[in-house]
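# Secondary and tertiary structure notes
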Amino acid sequence: MNREQYMERLQHRLKRLPKTDYERAVAYFTEYFEEAGPEREAQAIEDLGSPELAADQIIRDFAVENAAEPVRDVKKGFSALWIGILAVFAAPVALPLALAFGAVLLAFVLVVIALLFSVFLIAVSVTISAVPCVLVSFWLLFTSFADGLATLGCGLILLGAGILMTLLSFFFTRWGLHGMTCLFGSIVKGGARYEK
């Protein structure tokens, strides 16, 4: 990696900083490379470390600096808040936080799928349990007409409810899966937009 590549990667990582802080950081690294000269460029890059780690350290330093200063105006306050947020995500805590967020999303998806599957199973079991009820009602019609008629009515209500629940569970499963797909698509698009 040469000086230009290093500075390009560093500037990419620092572009979310406020303009004045960004310019200060870039000026510092430019001056550092100019003092090192072309013959000690490789040594300077080795001393500075990777551009990503250097940018993370700069963001944390600016966050500490801004936290120590009293807020003079709203714009400066938002700037300090933004640097603080960037510092949190630049800290070594960012990877575990991202993993925890991914685990929570995975748990959410599994819970939704389990709920949809359980609703489907309940609907199918209600439909299946209605079939013997209807069959028994025909036998009861010949032994006790009133009992047979009541059992037939209950069986038909269960059969109708089971079929309706099965159809609704298919609808809600499709709707839920489509909603999760759109949600994750917007998350991925949002992440891709900020990486550019």
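It should be noted that the structure appears before, not after, this text.
Residues numbered from 1 in each chain as written. Predicted model: local features only at pLDDT ≥ 70, side-chain atom pairs only at ≥ 80, totals over all residues. Heavy atoms only, no water.

## Some thoughts on the side chain of Glu41
Looking at the element boundaries, Glu41 is found in helix 3 (residues 41-48). Among buried Asp, Glu, Lys and Arg side chains, Glu41 stands out as unpaired, with Arg3 the closest opposite charge at 5.5 Å. Beyond its immediate chain neighbours, meaning those up to four positions away, Glu41 contacts Asn2, Arg3 and Phe33. (Helix = DSSP H or I, 4+ residues; strand = E, 2+ residues; numbered from the N terminus. Buried < 20%, exposed > 50% of the residue type's maximum accessible area, 1.4 Å probe, protein only. Lys, Arg positive; Asp, Glu negative; His and termini not counted. Salt bridge = Lys/Arg side-chain N within 4 Å of Asp/Glu carboxyl O. Contact = heavy atoms within 4.5 Å.)

## Observations regarding the packing of helix 1 (residues 3-14) against helix 2 (residues 19-36)
Interaxial distance between helix 1 and helix 2 falls to 11 Å at its minimum, and their mutual angle equals 165°. Classified by the angle their axes make, helix 1 and helix 2 are roughly antiparallel. Here the hand of the crossing between helix 1 and helix 2 comes out right-handed. In contact with Arg3, Tyr6, Met7, Leu10, Gln11 and Leu14 of helix 1, helix 2 contributes Tyr22, Ala25, Val26, Phe29, Thr30, Phe33 and Glu34. Residues belonging to the contact of helix 1 with helix 2 are distributed by class as follows: 9 nonpolar, 2 polar and 2 charged. (Axes fitted to C-alpha atoms, helices over the stretch in contact; angles between N-to-C directions. Parallel < 35°, antiparallel > 145°, perpendicular 65-115°, else oblique. Left-handed = near helix turned anticlockwise from the far one by under 90°. Nonpolar A, V, L, I, M, F, W, Y, C, P; charged D, E, K, R; others polar.)

## Some details on helix 1
Because an α-helix completes one turn every 3.6 residues, residues spaced three or four positions apart along the sequence face the same direction. Helix length check: helix 1, at 12 residues, gives a terminal C-alpha distance of 16 Å against a target of 16 Å (1.5 Å per residue), a fit within 8%. For helix 1, every residue scored as buried is listed here: Tyr6, Met7, Leu10 and Leu14. What you see down the axis of helix 1 is that its buried residues fit within an arc of 95°, all on one side. Exposed and oriented more than 90 degrees from the buried face of helix 1 are Glu4 and Glu8. (Expected span 1.5 Å × (residues − 1). Arc of directions from axis to C-beta.)

## Focus: the pattern of salt bridges
For the structure on display, the rule yields 4 salt bridges. Across the pair Asp56 and Arg13 runs a salt bridge whose closest N-O atoms are separated by 2.9 Å. Taken together, the positions of Asp56 in helix 4 (residues 51-68) and Arg13 in helix 1 put the pair 43 residues apart, joining distant regions of the chain. The class of Arg13 is partly exposed, set by a relative accessible area of 34%.

Without other data, these values stay purely geometric and don't point to any function.
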